[in-house]
Amino acid sequence: MGYEIYQDGKFKYIEVGQGEPLMLLHGLFGALSNFQDLIDHFKQSYKVIVPILPLLEMDLLHTSVGGLQKFVQRFVEHRNYNNIHLLGNSLGGHVALVYILKHPERVKSLTLTGSSGLFESGMGDTYPKRGDKEYIRKKTALTFYDPSLATEELVNEVFEITNNRLKVIKIIALAKSAIRNNLGEELAQIKQPVCLIWGNNDSITPPFVAEEFHRLIPNSELHFIDKCGHAPMMEVPGEFNNVLDNFLAKLNTSVAETV
């Protein structure tokens, strides 16, 4: 990963580029190298920020969607970001939704990709015997349309986590918290423009989930990408960046027209 990770107080993050903040919230297995293309592309016109979420570092009591949202809130206040274009993948999308509902005044737009918050088919309750790397490889490959994207680096990251009993307990706590924290009732309150970018072959948050988000969020647009699984920004970065570019450009045009 070519970007420096800064430390400010207890926060670790990447920040590169100038302009309005584009803040990315990663999902559960979020190797930062996954977002290289997105950062490279958008740093030309935005200040791209990737806070490193302490998914498995918080005490068990706060290992929840709500606990992560509070962490993001403290980070944003500490750094004093405003007019944020918030982008969340998977569990990071869920955290972004809870954040925008609690702090709408700081957010200018929201982009969700493979987000939980309504429904997801997680790793399931069939946690493998510790040390079963082939099982982990298969499960990790299910994230993608193209299983070769389950690189050795990614498989090792997931394997290392699932081999640590406390981390497994925390992952299960996060997964259960995500299922409990269903936002269906509240999504109508979101006033900001929302862009939904979904893989047509997402087996974890399938396409019907995107359609339901689209139905429930008033000012939303939905884009499906073919031959793409649960992490479009990793699997088809060119197409993902293109959709996001168009969405953000339209926002700036409509603002200019109303001024």
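Just above, that's the structure.
Description of the structure in this document. (Residues numbered from 1 in each chain as written. Predicted model: local features only at pLDDT ≥ 70, side-chain atom pairs only at ≥ 80, totals over all residues. Heavy atoms only, no water.)

This paragraph deals with the overall build of the protein chain. What the protein chain contains, in helices and strands, is 9 helices and 8 strands. A compact globule built from 259 residues should have a C-alpha radius of gyration of about 18 Å, and the protein chain, at 17 Å, falls within 12% of that. Principal-axis analysis of the C-alpha atoms gives the protein chain an extent of 60 × 40 × 40 Å. Going through the 259 residues of the protein chain one by one, you find that 51% of them count as buried. For the protein chain, contacts bridging at least 24 residues in sequence account for 75% of all contacts bridging at least 6. (Helix = DSSP H or I, 4+ residues; strand = E, 2+ residues; numbered from the N terminus. Rg over C-alpha atoms; globule rule 2.2 N^0.38 Å. Buried < 20%, exposed > 50% of the residue type's maximum accessible area, 1.4 Å probe, protein only. Contact = heavy atoms within 4.5 Å.)

Glancing now at a positive patch on the surface. Taken together, K10, K70, R74 and K102 make up a surface patch of like positive charges. Relative to the elements of secondary structure, K10 occurs in the loop between β1 (6-8) and β2 (11-16). Residue K10 is classed as exposed on the basis of its relative accessible area, which comes to 60%. (Patch = residues over 30% accessible without salt bridge, like charges linked within 9 Å, V, L, I, M, F, W, Y side chains within 5 Å. Areas by Shrake-Rupley, 256 points an atom, 1.4 Å probe, with all protein chains shown as cover. Salt bridge = Lys/Arg side-chain N within 4 Å of Asp/Glu carboxyl O. Lys, Arg positive; Asp, Glu negative; His and termini not counted. Charge placed at Lys NZ, Arg CZ, Asp CG, Glu CD.)

Our next topic: the nonpolar core. Ranked by internal contacts, the top residues of the largest apolar core, which has 44 residues, are M23, L86 and F213. Top element by residues in this core is helix α3 (residues 91-102). It accounts for 8 residues. (Core = buried A, V, L, I, M, F, W, Y, C linked by side-chain atoms within 4.5 Å.)

Let us now look at the pattern of salt bridges. As enumerated under the stated definition, the model contains 10 salt bridges in all. E15 is the salt-bridge partner of K47, the closest N and O atoms lying 3.9 Å from each other. Separated by 32 residues along the polypeptide, K47 in strand β4 (residues 47-51) and E15 in strand β2 bring together distant segments of the chain. Across the pair E221 and K250 runs a salt bridge, and its minimum N-O distance is 2.9 Å. One end of the pair, E221, is in strand β8 (residues 220-225); the other, K250, is in helix α9 (residues 237-258), and 29 residues separate them in sequence. Residues participating in the shared-partner salt-bridge network are D8, E15, K47 and R79.

To continue, consider the state of the cysteines. The final tally for this structure, using the stated rule, is 0 disulfides. Here C195 is not cross-linked by a disulfide; its sulfur's nearest cysteine counterpart is in C228, at 13 Å. The class for C195 is buried, based on a relative accessible area of 0%. Under the relative-accessibility criterion, C228 is labelled buried at 0%. (Disulfide = S-S within 2.5 Å.)

Read across the sheet, 8 strands follow the order β1-β2-β4-β3-β5-β6-β7-β8 without closing on themselves; strand pairing throughout is mixed. Single-partner strands in this sheet number two, and they are β1 and β8. Pairs of neighbouring strands in the sheet enclose a mean axial angle of 25°, with direction left out of account. With 3 bridges joining them, strand β6 (residues 107-113) and strand β7 (residues 194-199) adopt parallel strand pairing. Across the sheet, L110 pairs through a bridge with V194, a residue of β7. (Pairing = 2+ DSSP bridges. Axes fitted to C-alpha atoms, helices over the stretch in contact; angles between N-to-C directions.)

What follows is about the pairing of β4. Extensive coverage of β4 is indicated by the burial of 4 of its 5 residues. Where β2 lies against β4, 4 bridges are found, and the strand directions are antiparallel. The residue of β4 that forms the bridge with I14 is V50. Pairing analysis gives 3 bridges linking strand β3 (residues 21-25) to β4, with the strands arranged parallel. Looking across to β4, one finds that L22 is bridged to V48.

A cluster of nonpolar side chains, contributed by L60, L166 and I169, occupies part of the molecular surface with about 250 Å² of accessible area. Mapped onto the secondary structure, L166 falls in helix α6 (residues 165-180).

Let's shift gears to helix α7 (residues 207-216). Buried residues of α7: P207, V209, A210 and F213, and no others. Buried residues of α7, seen end-on, are gathered within an arc of 155° and therefore sit on one face of the element. Along its buried surface, α7 packs onto α3, β6, β7 and β8. (Arc of directions from axis to C-beta.)

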